[in-house]
Structure formats: C-alpha cells, structure tokens
Amino acid sequence: MKKSTAKLADGRELIYFDAHDSPPRQYAPDLRPLAPVESRPGLRRDEATGDWIAIAADRQARTYHPPADECPLCPSRDGRLSEIPAADYEVAVFENRFPSLSGETGRCEVVCFTPEHAGGFADLTPDRARLVLEAWVDRTGELSRLPGVEQVYCFENRGAEIGVTLAHPHGQIYAFTTAPPRTGKMIAAAAAHRAATGRNLFEDVLARARGEGDRVVLRGEHWTAFVPYAARWPYEVHLYPHRRVPDLTRLSEAERAEFPGLYLELLRRFDRLFDRPEPTPYISAWHQAPASGGSELALHLELFTVRRTADKLKHPAGTESGVEAFINDIAPETAAQRLREQA
C-alpha cells in the first residue's frame, strides 16, 4: 500500500491510498474557495442513562441527495470540483466537513471506496477490498494515537432505507473520546462472563457458533461468519477472526489476505436475499477494543439489514427505539439457512 497526504482548501486532511504496484500519481491541489470549518459539536451526558449524546447542529447544512453529476465524493473532473481534487483515485479518506465529532469531542472521516459513482462495496474487486481494509487499518492506528481518543469505529451505511444521503460507495470512521453505549455493554458482559467461567466471552461465542453449525453462513481458514444466537435484526451476520485480537491493526497477513473474499461473498449474498432490482440496504460495523477497560473485547464485524422481506422493513419503533428491547421476526437459524442458500 502507498499512502499520500494532502490538505483540502479549508485545511482538512485528505489521504490517498494506492495499491503498492500502482503507478506514481501526481494529485491536484484543492482549488475551491472554501471557508474554514467552524463546526463545534459538543457532548452532553443523558442524566437518566449516563450515555453521551453528540450535539452537532451544523450537520443540518450537509449535502443531501445531490444528483450524480454533483456528487462530492466523485473525482474532480471536467471543471467540476469536489471533495476529491484528483481526477482519479483508488481509495481516499478525508476529514468530514460536517462532522458529528471534532476537536475535543473526537474526529470524523469519510472513506471513499472507489472513484466510480455507481455500485457498492460488493462490486469491488478483491484487490480493491483489500486496499480498503488497509485504509481501515491505517486510520485505526493513526486515530488511536490522537490525544483523548478512546475508540475507533469504522462503519458503512448503505441504502436510502438506512438514511444514506450520498449514493457514492463510501463509509465513515469515528474516533470517539468516550466509548459508545454498546461497547460499554459488551465490556460489562465480557467481565461478567470471565468472572463466571474464567474464559473470554467472544472466544466462547465463536466456539459455540462453529460447534453448533446451524447459524454458520461462511467458514474460512481464518474467519467465520455466523448469525448470532440472539440476533436483533432480521438478517444479521457477525464476522470473527478465529484468533482473538483487539483491533484491525493486530490482524496478521494471512487474516488480511483472506478477509476480502469472504466479506465480498457475504455482501453479495445479502444482495441476493430479496427479489428486488436495488441492492439490499445494510449497516456494516467494525467493533474494536477501546483504549481503556476493553482488554476482553475481540475485534469483529457486524453486518445487518433493516429489510425483512422483499417489500417490508424492520422499523426500530416503540420497543426498539423507546426502550432498546428488540423483537426479531426471523429465527437466526432460518436467516443463516437463507444466507447459505444464496451461495
């Protein structure tokens, strides 16, 4: 992998990632007349739960469903200047101009998987998917070293049903200064499991799924994809490396090499689940151990869709949004079987 850094016109960082065998590139400067970013998101603690809530009012002005020829994530071409000054690129990462977190509250970055506007991650080649993985690894390491950063969260929202406002294939990375609520719950569950059994929770979760087999979707030499025993979403798959590591930076070369093929196959099976012309909406999220209190946590990816049938969505309504009590209409074993059938 080759990495090139630059600055956008308003001072935000821009990073290009190219495959190690790509020809040398000369990246154009950002010529837009941009004013400095003045966003000042803040954190407030919910008095009833103790959760931290980001207040980011400036995000109301962010770009919302632009036409394809005005996409800010496409390369700058034919006189149209975008967030990517280059006329072409492989993978690009830049600081979000409309961040949910910045300064003392953290940092938000956008990851552009490809210069092509159409398609999605599932359409990438294995080599390009590997380059995206290397970008996630790089950013996890770099952001973890920033003062005050507690956890790095790499994720992708895909589809209008999820709330995506830019159609270009991309993801995001949040550097949190406080670990999110779900991480806190996992830390507590792992500590309780260690106290009760003397074992690691995530190793036991993986061993149970692999041993029972009926919830396994894909098996590799270094990774296993399975539907969790108590899945919250209609189709939810967790992807674990067989060797417990805390974050992406600790993956071995063999684990990094196998990941793209398994992950692309998993995404393509999601797209084949429903008889619809458009791809399946999903959220894909890397869970990594935080800087403090997370020694028991294991790196894993959670992938899920809000679609439960070809014409029905799973809306997080009264119970899910109101009291965080999930009700799933599809048995995990049934979901796993359907995903195996999409091979």
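About the criteria used
Residues numbered from 1 in each chain as written. Predicted model: local features only at pLDDT ≥ 70, side-chain atom pairs only at ≥ 80, totals over all residues. Heavy atoms only, no water. Phe/Tyr/Trp six-rings, centres within 6.5 Å; stacked < 30°, edge-to-face > 60°. Buried < 20%, exposed > 50% of the residue type's maximum accessible area, 1.4 Å probe, protein only. Helix = DSSP H or I, 4+ residues; strand = E, 2+ residues; numbered from the N terminus. Lys NZ or Arg CZ within 6 Å of the ring centre and 35° of its normal. Expected span 1.5 Å × (residues − 1). Bend = angle between axes of the 7 residues up to and from the residue. Core = buried A, V, L, I, M, F, W, Y, C linked by side-chain atoms within 4.5 Å. Contact = heavy atoms within 4.5 Å. 1 Å grid on protein atoms, 1.4 Å probe; cavity = no way out; pocket = protein on both sides within 12 Å on 5 of 7 lines; lining within 4 Å. Points joined across faces, edges and corners; volume = space filled by probe spheres on them. Nonpolar A, V, L, I, M, F, W, Y, C, P; charged D, E, K, R; others polar.

### Comments concerning the packing of aromatic side chains
At step 1: Throughout the structure, instances matching the rule amount to 17 aromatic pairs.
At step 2: Seen in terms of ring centroids, phenylalanine 113 and phenylalanine 121 are 4.9 Å apart; in terms of plane orientation they differ by 70°. Their pairing is edge-to-face. The residues phenylalanine 113 and phenylalanine 121 share a single accessibility class, namely buried.
At step 3: Summarising the aromatic geometry, the rings of tryptophan 223 and tryptophan 286 are spaced 6.2 Å apart at their centres and angled 65° between planes, so their arrangement reads as edge-to-face. Taken together, the residues tryptophan 223 in strand β10 (residues 223–226) and tryptophan 286 in strand β12 (residues 282–287) connect sequence positions 63 residues apart. Across the pair, tryptophan 286 and tryptophan 223 agree in class, each one buried.
At step 4: Sitting over the ring of phenylalanine 304, arginine 232 keeps its end group 5.8 Å from the ring centre.
At step 5: In this arrangement the basic side chain of arginine 232 is found over the ring face of phenylalanine 326, its NZ or CZ atom lying 5.7 Å from the centre.

### Quick notes on helix α4 (residues 253–271)
At step 1: Compared with the 27 Å implied by 1.5 Å per residue over 19 residues, the 28 Å span of α4 between its first and last C-alpha is a close match.
At step 2: At phenylalanine 259, α4 shows its largest kink, close to 30°, and the proline proline 260 lies no more than four residues downstream.

### What about the nonpolar core?
A general trend in soluble globular proteins is that nonpolar side chains are found buried together.
At step 1: Ranked by internal contacts, the top residues of the largest apolar core, which has 52 residues, are Phe121, Trp136, Leu248 and Trp286.
At step 2: At eight residues, the largest contribution of residues to this core is made by helix α1 (residues 126–144).
At step 3: Contacts of tryptophan 136, omitting those with residues within four sequence positions, involve Phe113, Phe121, Cys154, Ile173, Leu248, Phe259 and Trp286.

### Looking at empty space enclosed by the protein
At step 1: A full pass over the atoms with the stated rule returns one cavity of 30 Å³ or more.
At step 2: By volume, the largest cavity amounts to about 40 Å³.
At step 3: Along its surface, the largest cavity is lined by Trp136, Cys154, Phe155, Glu156, Tyr263, Ser284, Trp286 and Leu301.
At step 4: Elements that contribute at least two residues to the lining of the largest cavity include exactly β7 (151–158) and β12.
At step 5: For the lining of the largest cavity, the element with the most residues is β7, which contributes three residues.
At step 6: Grouping the amino acids of the lining of the largest cavity by side-chain chemistry returns six nonpolar, one polar and one charged.

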